[in-house]
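Residues per chain are reported as follows:
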Amino acid sequence: MKKKLVALFMGLALCLAGCSSAVSVEGEDEQPKTQETQAAQEDAAPAGGEEAQETQTADASADKEYHIGFVVHTTSGDVMSSIEYGAQAAADDYGVKLTYTGPVDSDNTEQISMFESLAAAGCDAIVLIAGDPTVWDDPIQEAVDKGITVIVTDTDAPTSARAAYFGVDTAQLAYDLGSAVREKTGDEGKVALGVCLLGPASHTTRAEKVQEAFEGTGMEFLGVYETEQDTTLNYNNWENIYTSNPDLAAMVGLSALETTNMGKVKQTCGGETVMAAYDPGAEALNLLEEGYLDVCAFQNVWMEGYLPVQAAARMLLEGKELAAEENLYQGQIVTSEEVTEELKNRAQSEQTMNDWYRNYIKENGLENFGLKD
């Protein structure tokens, strides 16, 4: 059953030595207990066996320094920085060591190699963004066979042996984005869809749900165009789509890589085409406020870093059990008229982002998100 929370995101070098588990031993210089002391302690022990066992487990966990690996499909871009900020904030909050790593550009072979290095180094848990879900079944199974808990965030690997999945409700957010675009375009015209990479399930779902929001209308869809991951090529492709189709009612970018480029295209070329995309950083937020972008979907990706690390830390430190189903939270739709100073301030720096989201976590009771009751 899906858990949904309604509410309202480069890489560090891989430190293999930082992923080995370390156990501190306390009380080595204590004197041996007398029979009387032992008997008194036994009398004072909790009567319930399970309660006593949980207490002992918590005490033992407190003596161990736990290490969590975090492997992303790419370390490039504002979105990935937001995820890293969230992951490190959770590690700091719960006192665990975090190793965050990933290839600069998406590369399955390199990412798998980094994942396997963390597993070989003895990390207690690994959080993973499965950029290409089709390649992860075997690496995840091998890590699980070593006793490592694997959690997937952002992009799922649903056929794998991962323990849990964390992420935004992709389908609902895309549908909401399409609905917001429809409010601005009406029911007739042409909409161009584009994304930096065709294939990932999340990109496919976004395209489908944006179109679903226009069901029963006369809207015609062009694409989905593959706009490329290289920033310059991405800009050039969006500019070409825009200038080649002067009668477009809207263009919708289906990933965060598109967002700033689409705003710059409209800023340069002018026109009234509705521009919609995902996860604006500080520069794109200014473009949104100025009307060069018209509506954006916020995945609040900081939480895709924080929430799985928080759950993993509490599992390791407190013996909590992960909720094995999809653990989904809702995203946020913001139009150009709705950009606030608070929203802009949130995106200014790692500190402002951490402060805002930590408060959000507390206010909305998300400390137990992804954990069984």
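See the structure printed just above.
Residues numbered from 1 in each chain as written. Predicted model: local features only at pLDDT ≥ 70, side-chain atom pairs only at ≥ 80, totals over all residues. Heavy atoms only, no water.

Peer 1: What am I meant to see in the environment of aspartate 137 here?
Peer 2: Tracing the sequence through the fold places aspartate 137 in helix α5 (residues 137-145). Judged by its relative accessible area of 28%, aspartate 137 falls in the partly exposed class. The spacing of aspartate 137 and serine 160 is 23 residues in sequence and 4.5 Å in space, taken between C-alpha atoms. Filtering out sequence-adjacent residues up to four positions away, aspartate 137 remains in contact with Thr159 and Ser160. There is a polar contact of 2.9 Å between the side chain of aspartate 137 and the side chain of threonine 159. (Helix = DSSP H or I, 4+ residues; strand = E, 2+ residues; numbered from the N terminus. Buried < 20%, exposed > 50% of the residue type's maximum accessible area, 1.4 Å probe, protein only. Contact = heavy atoms within 4.5 Å. Polar contact = N/O pair within 3.5 Å; in protein donor to acceptor, adjacent residues only side chain to side chain.)

Peer 1: Can you walk me through the packing of helix α3 (residues 78-94) against helix α11 (residues 302-318) in this structure?
Peer 2: Each pair of packed helices gets described by two things: the angle between the helix axes and the distance between those axes. Running from N to C, α3 and α11 cross one another at 25°; their axes reach a closest spacing of 6 Å. Judged by the angle between their axes, α3 and α11 are roughly parallel. As for the relative orientation of α3 and α11, their crossing is right-handed in sense. Across from Ser82, Ile83, Tyr85, Gly86, Ala87, Ala89, Ala90, Ala91, Asp93 and Tyr94 in α3, the residues of α11 making contact are Trp302, Glu304, Gly305, Tyr306, Val309, Gln310, Ala313, Arg314 and Leu317. (Axes fitted to C-alpha atoms, helices over the stretch in contact; angles between N-to-C directions. Parallel < 35°, antiparallel > 145°, perpendicular 65-115°, else oblique. Left-handed = near helix turned anticlockwise from the far one by under 90°.)

Peer 1: Looking at this structure, I do not really get the sheet that holds strand β12 (residues 274-278). What am I missing?
Peer 2: Pairing between the strands of a sheet is mediated by backbone hydrogen bonds and can be parallel or antiparallel. Spatially, the six strands line up as an open sheet ordered β10-β9-β11-β12-β13-β15, and their pairing is mixed. A strand with exactly one partner marks an edge of an open sheet, and here the two such strands are β10 (218-226) and β15 (332-335). With strand direction ignored, the average angle separating the axes of adjacent strands in the sheet is 15°. Where strand β11 (residues 250-253) lies against β12, three bridges are found, and the strand directions are parallel. If you follow valine 252 over to β12, its bridge partner there is alanine 276. (Pairing = 2+ DSSP bridges.)

Peer 1: Can you walk me through the pairing of strand β7 (residues 149-153) in this structure?
Peer 2: A regular strand carries its side chains on alternate faces of the sheet. Within β7, five of the five residues are buried, which leaves it mostly tucked inside the rest of the structure. Alignment of strand β6 (residues 125-128) against β7, held across four bridges, turns out to be parallel. Within the sheet, the bridge partner assigned to leucine 128 lies in β7 and is valine 152. Of the strand pairs in this sheet, β7 and strand β8 (residues 164-168) are connected by three bridges, and their pairing is parallel. Among the inter-strand pairings, isoleucine 151 is bridged to a residue of β8, identified as alanine 164.

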